[in-house]
Amino acid sequence: MNKRKSYIKSCEVSELLELNLGGYKQKILIEGKTKNLPVVICLHGGPGSPVPFSVGCRGLFPEWTSKAIMVFWDQLGCGINNYKIDDSFHISNFVDMTCDLVTAIKEKFPQNKLFLFGVSWGSILALESALRIPDKIDGAFVYGQVLKNLFFNNEVEDAFSTSPEKVKKKVKAILKTGTDCGDEVFEKNLRTLHKLLRKHTDAYNNRNAKPAPIGKIVKGLLTSPDYSFKDFKAVVKNGYQGNRSLLKEHLNTDLSPLLAQIKVKYLILQGDTDIIASTKTALEVSRNCGNPKVAVKIVKNSGHMPSAAAMEECFNTLCEFIK
């Protein structure tokens, strides 16, 4: 804890900001060893899962903040910015917030290069924002790019080919039902599919890889100088609990045409066993989009949730981008 406090004191940039993003006041943490470093805005997954990078991370990632001014944002509805996200919210609302955040940070650091780093759901925000305001962004890199057919694709069904017959039938029925069903059926099916994917496949976490140090991060959030216990709880149990509009839109989106339009350097990192945000799809779309700005890099022994090696690869990518 003393080491963390000492590092925070040593940073030229380490402060909470309150910004109006998409019409909502929200708290943002910015931290960097020096004020002339490139800026990296983190867009977490979920929606509603601000781990590992959140507003509670002050002083927790010195290896990152020694290379860049990191911008940590608990997206509206979770963590320090907990708020009930009802079914009136759509992806476009969060793209608006992301663009407002980019604009505010660029105004604060007009001479610094600025990059986006998105994970899973955050990759949607990174892609759409990079397309909307390319003049304010120098590049973006993402892990687990969401393009189309999230969860509901042939690869998911194929992954259960050696599973017990009972499991195969259950998965096939869920995929056939899809998202065009009643809310109760939809939620039950998705919970079941999550459980079966975790138990029978490497889609989420690759069982041959060392996992990311989540325990260390959770402990860091509990001892954060900026988080109350209420904020800590809202990392998991938050304002997204009753939302269905975002989830269904998330699952039914097709962003693949957007890759051809990107005007900034855009690197997609994909776990080789990720069939949720399909690595096969990311490779196919990037190869066919005809855009030299877009590239895909495969991370071995990693699923949709970044392994320890995948987090290291994300860090190495950051170092490459800021050269």
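Before any of the text, the structure's been laid out above.
What you see as residue numbers is a count from 1 along each chain, following the sequence as written. With the structure being a predicted model, the display of local features is reserved for residues of pLDDT at least 70 and the display and counting of side-chain atom pairs for 80 or more, all residues being used for whole-chain, interface and lining totals. Processing note: side-chain calculations cover all non-hydrogen atoms of the structure and skip hydrogens and water entirely.

**Student:** With reference to specific residues and values, describe the overall build of the chain.
**Tutor:** Secondary structure elements are taken from DSSP: a helix is a run of H or I of four residues or more, a strand is a run of E of two residues or more, and numbering for both begins at the N terminus. Check the secondary structure of the chain and you find 12 helices and 8 strands. Its C-alpha atoms give the chain principal-axis dimensions of about 60 × 45 × 40 Å. When a residue's accessible area, from a 1.4 Å probe over protein chains only, is under 20% of the maximum for its type it is buried; when over 50% it is exposed; and in between it is partly exposed. For the chain, buried positions account for 55% of its 323 residues. The contact rule is simple, with two residues in contact once any of their heavy atoms fall within 4.5 Å. Counted over contacts in the chain with a minimum sequence separation of 6, partners at least 24 positions apart contribute 77%. Note that accessible areas follow from Shrake-Rupley with a 1.4 Å probe, and for residues the cover is restricted to the protein chains shown. As displayed, the chain has an accessible area near 14,900 Å², and 50% of this comes from carbon and sulfur atoms. A gap of 6 Å separates the mean positions of the 45 positive and 33 negative side-chain charges of the chain. Positive charges come from Lys and Arg alone, negative charges from Asp and Glu alone, with His and the N- and C-terminal ends not counted. To locate a charge, the coordinates of NZ of Lys, CZ of Arg, CG of Asp or CD of Glu are taken.

**Student:** A description of the side chain of Asp-231 should follow, citing residues and the corresponding values.
**Tutor:** As for its placement among the helices and strands, Asp-231 is situated in helix H9 (residues 229-233). When a carboxyl oxygen of Asp or Glu lies within 4 Å of a side-chain nitrogen of Lys or Arg, that pair is called a salt bridge. As a buried residue without a salt bridge, Asp-231 has its nearest oppositely charged side chain in Lys-27, at a separation of 6.6 Å. Once residues within four sequence positions are removed from consideration, Asp-231 is found in contact with Gly-79, Ile-80 and Asp-226.

**Student:** Requested: an account of helix H4 (residues 121-132), with residues and values cited.
**Tutor:** A helix is expected to span 1.5 Å multiplied by its residue count minus one. Relative to the 16 Å expected for 12 residues at 1.5 Å per residue, H4 spans 17 Å between its end C-alpha atoms, a close match to the ideal helical length. Inspection of H4 places Trp-121, Gly-122, Ser-123, Ile-124, Leu-125, Ala-126, Leu-127, Ser-129 and Ala-130 among the buried residues, and these make up the whole buried set. Check the buried side of H4 and you find it contacts strand S3 (39-43), helix H3 (91-108), strand S5 (114-119), strand S6 (139-143), helix H10 (245-252) and strand S7 (265-271).

**Student:** An account of the layout of surface pockets is needed here, citing residue identities and associated values.
**Tutor:** Over the atoms, a rolling probe the size of a water molecule traces out where space has been left empty. Method remark: on a 1 Å grid restricted to protein atoms, a set of points is classed as a cavity if a 1.4 Å probe fits but cannot get out and as a pocket if it is open with protein on both sides within 12 Å along at least five of seven lines; lining residues have an atom within 4 Å of a point. Grid points are joined across faces, edges and corners, and a volume is the space filled by probe spheres set on the points. Empty space within the largest pocket amounts to approximately 1,500 Å³. Lining the largest pocket are 45 residues, with Gly-45, Gly-46, Pro-47, Gly-48 and Ser-49 sitting closest to its centre. Among the elements that make up the lining of the largest pocket, the one with the highest residue count is helix H7 (residues 183-200) (5 residues). Under the scheme applied here, ten amino acids are nonpolar (Ala, Val, Leu, Ile, Met, Phe, Trp, Tyr, Cys and Pro), four are charged (Asp, Glu, Lys and Arg), and all others, including Gly, are polar. When its residues are assigned to classes, the lining of the largest pocket shows 28 nonpolar, 13 polar and 4 charged.

**Student:** So what about the pairing of strand S2 (residues 24-32)? Which residues, and what values?
**Tutor:** Paired strands, in this sense, are two strands between which DSSP finds at least two bridges. Pairing analysis gives 9 bridges linking strand S1 (residues 13-21) to S2, with the strands arranged antiparallel. Among the inter-strand pairings, Leu-21 is bridged to a residue of S2, identified as Tyr-24. Direction of pairing for S2 relative to strand S4 (residues 69-73): antiparallel, over a ladder of 4 bridges. Across the sheet, Ile-28 pairs through a bridge with Trp-73, a residue of S4.

**Student:** Can you lay out the packing of helix H6 (residues 165-177) against H7 for me, pointing to particular residues and giving the numbers?
**Tutor:** Contact geometry for H6 and H7: axes closest at 10 Å, N-to-C directions at 135 degrees. Relative to H7, the element H6 lies oblique. In the packing of H6 onto H7, the handedness of the crossing is left-handed. Each of Val-167, Lys-170, Val-171, Ile-174, Leu-175 and Thr-177 in H6 lies in contact with H7, whose residues at this interface are Val-185, Asn-189, Thr-192, Leu-193, Leu-196 and His-200. When its residues are assigned to classes, the contact of H6 with H7 shows 7 nonpolar, 4 polar and 1 charged. Between N-to-C directions, angles span 0 to 180 degrees; the directions come from axes that are lines fitted to C-alpha atoms, helices contributing only their stretch in contact. Roughly parallel covers angles under 35 degrees, roughly antiparallel covers those over 145, roughly perpendicular covers 65 to 115, and oblique covers all other angles. Rotating anticlockwise by less than a right angle from the far helix to the near helix defines a left-handed crossing, while the corresponding clockwise rotation defines a right-handed one.

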